[in-house]
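# Close look at the chain arrangement
One letter stands for each residue in the lines below.
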Amino acid sequence: MGKASKSLKAVDPVWHRIGEEARLAVADEQLLGGLVHSSILHHATFEAALAYRITLKLSSPEMSAQTLRQLVDDAFASDATLGVAARADLVAVYERDPACHRLMQPLLYFKGFQAVQAYRVGHWLYSQGRHDLAYFVQMRVSEVFGVDIHPAAKIGQGIMIDHAHSIVIGETAVVGDNVSMLHSVTLGGTGKEDDDRHPKIGDGVLIGAGAHVLGNITIGHCSRIAAGSVVLSDVPACKTVAGVPAKIVGEAGCAQPSVTMDQLLSESI
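Nothing here was measured: the structure is a model prediction, and the numbers come from that model. (Residues numbered from 1 in each chain as written. Predicted model: local features only at pLDDT ≥ 70, side-chain atom pairs only at ≥ 80, totals over all residues. Heavy atoms only, no water.)

This part covers the overall build of the protein. Scanning the protein from N- to C-terminus turns up 9 helices and 15 strands. The C-alpha radius of gyration of the protein comes to 20 Å, within 12% of the 18 Å expected for a compact globule of 269 residues. Principal-axis analysis of the C-alpha atoms places the extent of the protein at approximately 65 × 45 × 40 Å. Split into buried and exposed, the 269 residues of the protein put 50% on the buried side. Of the contacts formed within the protein by residues at least 6 apart in sequence, a portion of 45% connects residues at least 24 apart. Total accessible area computed for the protein in this model is approximately 12900 Å², and 56% of it derives from carbon and sulfur atoms. Between the mean site of the 22 positive side-chain charges and the mean site of the 28 negative ones, the protein shows a separation of 5 Å. (Helix = DSSP H or I, 4+ residues; strand = E, 2+ residues; numbered from the N terminus. Rg over C-alpha atoms; globule rule 2.2 N^0.38 Å. Buried < 20%, exposed > 50% of the residue type's maximum accessible area, 1.4 Å probe, protein only. Contact = heavy atoms within 4.5 Å. Areas by Shrake-Rupley, 256 points an atom, 1.4 Å probe, with all protein chains shown as cover. Lys, Arg positive; Asp, Glu negative; His and termini not counted. Charge placed at Lys NZ, Arg CZ, Asp CG, Glu CD.)

On to empty space enclosed by the protein. Under the definition given, this model contains 1 cavity of 30 Å³ or more. Taken as a whole, the largest cavity encloses approximately 60 Å³ of empty space. In this structure, the largest cavity is lined by Y119, G122, A134, V137, Q138, V141, V147, I149 and P151. Of all elements in the fold, only α7 (111–127), α8 (131–145) and β1 (147–149) reach the threshold of two or more residues within the lining of the largest cavity. Among the residues forming the lining of the largest cavity, the class breakdown is 7 nonpolar, 2 polar and no charged. (1 Å grid on protein atoms, 1.4 Å probe; cavity = no way out; pocket = protein on both sides within 12 Å on 5 of 7 lines; lining within 4 Å. Points joined across faces, edges and corners; volume = space filled by probe spheres on them. Nonpolar A, V, L, I, M, F, W, Y, C, P; charged D, E, K, R; others polar.)

The next point concerns the pairing of strand β15 (residues 247–251). One ladder, built from 4 bridges, connects strand β14 (residues 239–242) with β15; its direction is antiparallel. Across the sheet, K239 pairs through a bridge with E251, a residue of β15. Between β14 and the antiparallel strand that follows it, β15, lie 4 residues; G243 among them carries a positive phi value of about 110°. (Pairing = 2+ DSSP bridges.)

Time to look at the pairing of β14. As judged from the 2 bridges shared by strand β12 (residues 224–225) and β14, these two strands associate in the parallel manner. Paired with I225 across the strands is V241, a residue of β14.

The terminal C-alpha atoms of α8 lie 21 Å apart, and with 15 residues this matches the ideal 21 Å at 1.5 Å per residue to within 8%. Where α8 is concerned, the buried positions are A134, F136, V137, Q138, R140, V141 and F145. Residues of α8 that are buried make contact with α3 (46–58), α7 and β1. Residue G146 follows α8 closely and has a positive phi angle near 70°. (Expected span 1.5 Å × (residues − 1).)

Let us now look at the side chain of R224. Mapped onto the fold, R224 is located in strand β12. Within the buried set, R224 has no salt-bridge partner at all; the shortest N-O distance to an opposite charge, 4.1 Å, is to D262. Of the polar contacts made by the side chain of R224, one reaches the backbone oxygen of A252; its length is 2.9 Å. Within polar-contact distance, the side chain of R224 engages the backbone oxygen of D262 at 2.7 Å. (Salt bridge = Lys/Arg side-chain N within 4 Å of Asp/Glu carboxyl O. Polar contact = N/O pair within 3.5 Å; in protein donor to acceptor, adjacent residues only side chain to side chain.)

Take the packing of α3 against α7 next. Taken N-terminus to C-terminus, the directions of α3 and α7 make an angle of 95°; their axes are 10 Å apart at the nearest point. On the basis of the axis angle, α3 is roughly perpendicular to α7. On α7, the residues touching F46, L50, R53, I54, K57 and L58 of α3 are F113, Q114, Q117, A118 and V121. Considered class by class, the residues forming the contact of α3 with α7 number 7 nonpolar, 2 polar and 2 charged. (Axes fitted to C-alpha atoms, helices over the stretch in contact; angles between N-to-C directions. Parallel < 35°, antiparallel > 145°, perpendicular 65-115°, else oblique.)

What follows covers the environment of D234. In this structure, D234 sits in the loop between β13 (230–231) and β14. Note: C-alpha distance between D234 and G215 (19 residues apart in sequence) is 9.6 Å. If sequence neighbours within four positions are ignored, D234 has contacts with I217 and T218. In terms of polar contacts, D234 uses its side chain to reach the backbone amide nitrogen of T218, at 2.8 Å.

Turning our eyes to something else, we now look at the layout of surface pockets. To locate leftover empty space, one rolls a probe as large as a water molecule over the atoms. Space inside the largest pocket adds up to approximately 360 Å³. Along the wall of the largest pocket there are 16 residues; nearest its centre are A10, D12, W15, A44 and T45. For the lining of the largest pocket, the secondary structure elements donating two or more residues are α1 (13–28), α2 (33–41) and α3. The element contributing the most residues to the lining of the largest pocket is α1, with 4 residues. In this structure, the second largest pocket spans a volume of roughly 190 Å³. Forming the walls of the second largest pocket are 13 residues, and the residues nearest its centre are D79, T81, L82, R120 and H123. Taken together, the elements giving at least two residues each to the lining of the second largest pocket come down to α5 (81–96) and α7. Per-element accounting of the lining of the second largest pocket gives the leading share, 5 residues, to α7. Residues that form the lining of the second largest pocket fall into these classes: 5 nonpolar, 5 polar and 3 charged.

Structure below.
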């Protein structure tokens with residue numbers, strides 16, 4: 001009677017599907033062969049592929065690709081939650097962004113996804129007390145992607161930042177799980193005091209384009225912030241706010257605004 005193998009490969013459906021998509025992409029467009037092979041098919045794991053993409057984007061004459069790759073590899077090897085969060089973010093983008101048709105797209109092309117994963121490496125460095133290296137990663141993410149997230153900020157998983165132009169998230173900000181935000185969002189402070197001065201965003205929140213949430217305020221779970229709003233006070237759970245300054249204009253309209261991405265106000269007013 002045969003014996004079971006002592007070393008079974010871990011099942012990773014996300015990585016398996018990305019590999020299948022990559023092979024089909026090369027078959028359809030041979031000019032992408034070099035990109036797809038170097039970024040996906042050459043790697044044994046999702047973490048390795050993601051480390052390669054982060055390194056490729058952020059390396060510079062100030063820090064070589066070899067040095068940065070070792071740094072990113074160390075982060076993924078030391079903290080398995082980085083890979084878990086990255087998969088959750090990837091699936092969130094695929095499920096919520098109508099322009100995303102394959103799981104490999106965010107990994108290869110979407111700067112919002114790539115910026116958040118690079119931030120996660122910077123946050124890991126910051127939590128290890130390696131602040132200057134974390135600030136270097138923050139600087140490069142800002143220069144390359146136009147996304148400025150302080151490495152001390154705390155961000156959950158299942159995050160989608162669509163388009164990702166001009167995103168600013170401050171040092172003491174906290175972002176929950178399954179949050180979606182569009183371009184030009186600011187989670188900022190209202191002064192120069194060195195204290196807890198940035199917003200706390202609950203789970204399942206949807207933040208519209210150009211919205212500014214300022215100060216040490218709480219945005220309740222599954223609420224909606226309309227595009228262009230300036231939010232200066234707490235928002236209860238499951239509400240929609242709009243305006244400058246923002247005021248409650250109705251209910252959130254659904255149980256999971258960040259998942260449905262419904263930004264119309266008429267249904268909740």
